[in-house]
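What follows is each chain in one-letter form.
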Amino acid sequence: MQHLGTRPVTVATTTFGGGRFQVIAGPCSVETEAQFTETARQVHRSGATLLRGGIYKLRTDPKSFQGLGLEALSFVARTAREVGLPLVTEVTDPRQIEALHAHVDLFQVGTRNMHNYDLLKELGRTRKPVLIKRGLAALVDEWLLAARYVTDGGNTNVILCERGIRSFEKITRNTLDLAAVAYAKQHSEFPVIVDPSHATGVRDLVGPMALAAIAAGADGLLIETHPDPAHALSDGPQALTFADFDLLMGRIREVCAFFGKPMATGAQS
Ligand code: PEP
Ligand code: MN
C-alpha cells in the first residue's frame, strides 16, 4: 500500500513526525504556581520534550474545578520559558486565541471540542500548531475531517492525538484505539500522538499503553503527571507521580531505540 508519508510539524524548537519521538508531559490542570513549577522542573529533568498544563478545563460536572483561566497564563508561560520547554495548553473557545497566541507553542483542541468547527476554523486562520484530540465518539474519518477545518484555513501545522473512545468497557475510562493510530499514520499526512492518560484513566495502565503506542507507530505521547495525584483537582487517578514518570521515560527511551525512533532532545539539555 502507498502511504502518504508524514509531513513534519515544527513546534517552537522541536519537530513532530520528523523521526524523533516527542513526550508532552505535565499536570492535567494548572492548580497553583508551585504545583506547575515543580511539575515542569521534574518532567524536564526526566526528559519530557514539551510541557503541558490546562488553564481552561472542560469538565463534565459544572461544579468541578474549571481551571484558573487567564490569571495563570503569565506564570505558566514564564515557567515554560524557564525550563526551556515548548508550552502546550488547551484552547476551549475561539475568544481565547488572541490572549493565548503569544504565549502558547501548541494549541490543544480537546476531545469535547473536536466537533467545534468555529474553533477549528479560527485556529486555521493562525499559523500556530494545533493538536487535535479525537472526539470521544468520533469516527477516524470525522477526526481527519476535523483536521481539514484547520488546514483549509491555510494552517497546515496539525498534529493528531488519539485519547481513547467511549465503549461498553468500564475497567478503563475510555478504550484506546491503537488501530486508529496506525491507520491515521497510513492515511493522513499528520503526525499522530497517543494520550494513554485519558485513554485509560488508570495510572497503572498508562505505562503499558505508552509503550504499545510506540510500537503502533505513534510520533509521541501526552502523559499527565502531578506532585500529589491523590489531591489533584482533576484526573488524579490517571496522573503519574514524578518517580513513576521518570521510570516510564527510561522504558520509553528503550522502546524508541528498539524501533529506531530516537527521543527528541529538544530543549532538555
Ligand atoms: C486534557 O488533556 O486534560 C483533556 C481534557 O483531554 P481530553 O480532551 O482528551 O479529555
Ligand atoms: Mn486531564
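In the block above lies the structure referred to throughout.
Residues numbered from 1 in each chain as written. Chains lettered and ligands numbered in written order. Predicted model: local features only at pLDDT ≥ 70, side-chain atom pairs only at ≥ 80, totals over all residues. Heavy atoms only, no water.

S.K.: So what's going on with helix α8 (residues 203-215)? Residues and values would help.
M.R.: Burial in α8 covers these residues: Val206, Gly207, Ala210, Leu211, Ala213 and Ile214. Summarising the contacts, the buried residues of α8 are in contact with α6 (178-187), β9 (192-194), α7 (196-200), β10 (220-224) and α9 (242-258). Glycine 217, located one to two residues past α8, shows a positive phi value of around 105 degrees. (Buried < 20%, exposed > 50% of the residue type's maximum accessible area, 1.4 Å probe, protein only. Helix = DSSP H or I, 4+ residues; strand = E, 2+ residues; numbered from the N terminus. Contact = heavy atoms within 4.5 Å.)

S.K.: Describe the pairing of strand β7 (residues 130-133), and please don't skip the residues or the numbers.
M.R.: Where a strand is regular, its side chains alternate between the two sheet faces. Side chains Val130 and Ile132 project from β7 onto one buried face, and the interleaved Leu131 and Lys133 project onto a second face that is buried too. Summarising the sheet, strand β6 (residues 106-109) and β7 pair through three bridges and their orientation is parallel. Each residue of the ladder has a partner; that of phenylalanine 107, found in β7, is valine 130. Tracing the backbone out of β6, into helix α4 (residues 117-124) and back to the parallel element β7 gives a crossover that is right-handed. Across four bridges, the pairing between β7 and strand β8 (residues 158-162) is parallel. Bridging across to β8, isoleucine 132 finds its partner in leucine 160. Viewed along the sheet, the connection from β7 through helix α5 (residues 140-151) into β8 turns out right-handed. (Pairing = 2+ DSSP bridges. Right-handed = clockwise from strand over helix to strand, strands pointing away.)

S.K.: Help me get a handle on the coordination of the manganese ion (ligand 2), residues and values and all.
M.R.: Protein ligation of the manganese ion (ligand 2) involves Cys28 (SG), His198 (NE2), Glu224 (OE) and Asp235 (OD), the donor distances falling in the range 2.0 to 2.3 Å. We note that the donor set of the manganese ion (ligand 2) lies within a single chain, spaced as C-x169-H-x25-E-x10-D. With histidine 198 in helix α7 and glutamate 224 in strand β10, this pair connects stretches of sequence that are 26 residues apart. (Donors = N, O, S within 2.8 Å, 3.2 Å for Na, K, Ca; no water.)

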